[in-house]
Amino acid sequence: MNKILFFAHLRDVAGSESIEMQVDGKTVAELKEEIMTKFGFQKLDTVMTAINEEFTSDDDIIQEGDTIAFIPPVSGG
Amino acid sequence: MNKILFFAHLRDVAGSESIEMQVDGKTVAELKEEIMTKFGFQKLDTVMTAINEEFTSDDDIIQEGDTIAFIPPVSGG
Amino acid sequence: MNLYEISKEPINTQSVIDKVVQREAGAITTFIGTVRELTHGKKTLYLVYEAYESMAVKKLAQIGAEIEERWQGSKVAITHRVGKLDITDIAVVIAVSTPHRADSYEANRYAIERIKEIVPIWKKEHWEDGQEWIGNQLETVSYPSGQPEEGDLDE
Amino acid sequence: MNLYEISKEPINTQSVIDKVVQREAGAITTFIGTVRELTHGKKTLYLVYEAYESMAVKKLAQIGAEIEERWQGSKVAITHRVGKLDITDIAVVIAVSTPHRADSYEANRYAIERIKEIVPIWKKEHWEDGQEWIGNQLETVSYPSGQPEEGDLDE
């Protein structure tokens, strides 16, 4: 199983902080595609992803147990 | 009468924080010369002067009542 | 003592400074980011900061490690606030100590720029006529590689 | 509230910071100058700072005025310590608030450089084998015009 985390406006749109999904074996890009369809996100071009709290790239493959976070452009500081 | 102030190593050499002298009508350069002789300062090239708490130049003329300060290169901060 | 923190409580600036005091340091700079009332002429009522806390702490620590590698003898501590902040409240405190002062300014500046690049924290502005997560809708920033790159600065 | 002070007592950093808080500011930088143990490999035991106090306060105020003219919306407070200081003691605290962060770093840096040019404060280093007023004996700085000029920086 995998945990998927949403933040900021993505959290508002998804209506949830996190969901559980079985997505191991998929690439990050494939997951993005699936999530966009599922939640009706308009665009994830500007959204970064992290696997287990480390930035990742679109072609990385998700492993069983990984936590994947969708990270909109940050605005801390 | 005029008050003349010494700081840092000049104070150590002069053995005094301040002295009273009648120096009105003299230029700052003339006062420097006189002070060098009087106290045996080796060199006042690097020493700035202030009249009444404002930096001044060597050809300024001292007025009655002015306080003159000899200011070695500063090292605050 | 945690050098890198996400805090739900108001930040005590002095306690962040205290973490970087060292006998070899002649300079400590701090950056205190506060909530400004006006941005582009628009009046902010308050802000809400949200963080991916566990990852944010890791990324703050990464920034500290980058600084300590680049500026020899430096020591870094950073605390970022989350939750609701009013005008003049402190959002972030960065303290950097170094042997010499020039490094201290440069390293501190580097820290705030990096925070704005890689630390998963978001702010939501609340105005009289609405609210918005900053950094999303404008979409002026895009990460084709899926992650920020050297030079992706939010000026 | 005095924005520019010479203090015989230990400086409270927070109280200097508090003086520059403003609703229009998004950034506050502070510079804290501390007594470093080693300078050019030589071990300092303690320092003594001496000031021409009345003039020093005026010159600190002049620096503040220069900054507020050059960096719009900035606010400045500076306190410099005098007397005997031990290792890690605070010699000077400079706080600058500005609407935007880049200005805050630049203005703060300007303040410390100007202090080292025009503010009549001197430090005497005490080592195990002697003591010396800094800024005099080396005589690497000379003021032919009788006063410091633009660009006379003590780096």
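Residues numbered from 1 in each chain as written. Chains lettered and ligands numbered in written order. Predicted model: local features only at pLDDT ≥ 70, side-chain atom pairs only at ≥ 80, totals over all residues. Heavy atoms only, no water.

### Describing the interface of chain D and chain C
- The interface is formed by 34 residues belonging to chain D together with 34 residues belonging to chain C.
- For the pair chain D and chain C, the two sides together bury roughly 2,900 Å², of which 51% comes from carbon and sulfur.
- The three residues of chain D that bury the most area against chain C are R23, R101 and Y105 of chain D, which together make up 27% of that side's buried surface.
- Where chain D touches chain C, the interface holds 17 residue pairs in polar contact (both at pLDDT 80 or more).
- Among the secondary structure elements, those contributing two or more residues to the side of chain D that touches chain C are helix 1 (13-18), strand 2 (27-34) and helix 3 (101-118) of chain D.
- Looking at the side of chain D that touches chain C residue by residue, the classes come out as 13 nonpolar, 11 polar and 10 charged.
- In terms of strand pairing, strand 2 (residues 27-34) of chain C meets strand 2 of chain D through 7 bridges, oriented antiparallel. (Contact = heavy atoms within 4.5 Å. Buried area = accessible area lost by both parts, 1.4 Å probe. Polar contact = N/O pair within 3.5 Å; in protein donor to acceptor, adjacent residues only side chain to side chain. Helix = DSSP H or I, 4+ residues; strand = E, 2+ residues; numbered from the N terminus. Nonpolar A, V, L, I, M, F, W, Y, C, P; charged D, E, K, R; others polar. Pairing = 2+ DSSP bridges.)

### Quick look at the relation of the copies chain D and chain C
- Mapping chain D onto chain C calls for a screw motion: a turn of 180° about the axis and a shift of 0.0 Å along it, with 0.0 Å RMSD after fitting. Such a turn and shift between the copies fits a two-fold axis. Minimal C-alpha separation from the rotation axis in chain D is found for T30 of chain D, amounting to 2.5 Å.
- The share of interface residues of chain D whose copies in chain C are also at the interface is 100%, consistent with both copies meeting through the same surface. (Least-squares fit on C-alpha atoms with pLDDT ≥ 70 in both.)

### Side note on the sheet that holds strand 2 of chain C
- Sheet architecture is open: 8 strands sit in the order 1(C)-5(C)-7(C)-2(C)-2(D)-7(D)-5(D)-1(D), paired in mixed fashion. The outermost strands of the open sheet, each flanked by one partner alone, are strand 1 (4-7) of chain C together with strand 1 (4-7) of chain D. Neighbour-to-neighbour, the strand axes of the sheet open up by a mean angle of 10°, direction not taken into account.
- Both strand 1 of chain D and strand 5 (residues 75-81) of chain D contribute to a ladder of 4 bridges, which runs parallel. Within strand 5 of chain D, the position partnered with Y4 of chain D by the bridge is I78 of chain D.
- Lying over the sheet, helix 2 (residues 53-70) of chain C contacts strand 1 and strand 5 (75-81) of chain C, oriented at roughly 145° with respect to strand 1 of chain C. (Axes fitted to C-alpha atoms, helices over the stretch in contact; angles between N-to-C directions.)

### Considerations on the sheet that holds strand 4 (residues 54-56) of chain B
- Strand order across the open sheet formed by 5 strands is 2-1-5-3-4 (chain B), with mixed pairing between neighbours. Edge positions in the sheet fall to strand 2 (18-21) and strand 4 of chain B, since each has one partner strand and no second. Here the average twist between neighbouring strands, direction ignored, is 30°.
- By the bridge criterion, 4 bridges tie strand 1 (residues 2-6) of chain B to strand 2 of chain B in an arrangement that is antiparallel. Along strand 2 of chain B, the bridge assignment pairs K3 of chain B with E20 of chain B.
- Together, strand 3 (48-51), strand 4 and strand 5 (67-71) of chain B form the strand contacts of helix 2 (residues 53-70) of chain D, whose direction differs from that of strand 4 of chain B by roughly 95°.

### Some thoughts on the interface of chain A and chain C
- Taken residue by residue, the interface counts 28 residues in chain A and 34 residues in chain C.
- Where chain A abuts chain C, roughly 2,700 Å² becomes buried across the two surfaces, and 55% of that area is made up of carbon and sulfur atoms.
- Applying the counting criterion to the chain A and chain C interface returns 4 salt bridges.
- Between E53 of chain A and K58 of chain C there is a salt bridge; the shortest N-O distance is 2.9 Å.
- On inspection of chain A and its partner chain C, the count reaches 15 residue pairs in polar contact (both at pLDDT 80 or more).
- Put simply, the parts of the chain that give the side of chain A that touches chain C at least two residues each are helix 1 (8-14), strand 3 (48-51), strand 4 (54-55) and strand 5 (67-71) of chain A. (Salt bridge = Lys/Arg side-chain N within 4 Å of Asp/Glu carboxyl O.)

### What to know about the arrangement of the chains
- Taking C-alpha atoms as the reference, chain B and chain C come no closer than 10 Å and do not contact one another.
- Regarding chain A and chain D, which are not in contact, the minimum distance between any of their C-alpha atoms is 10 Å.

### Some thoughts on unusual backbone geometry
- One non-glycine residue, N52 of chain A, adopts positive backbone phi at about 50°.
- Here N52 of chain A shows up in the loop between strand 3 and strand 4.
- N52 of chain A sits in the partly exposed class, given a relative accessible area of 38%.
- The phi torsion at T88 of chain C lies on the positive side, around 75°, for a residue other than glycine. (Buried < 20%, exposed > 50% of the residue type's maximum accessible area, 1.4 Å probe, protein only.)

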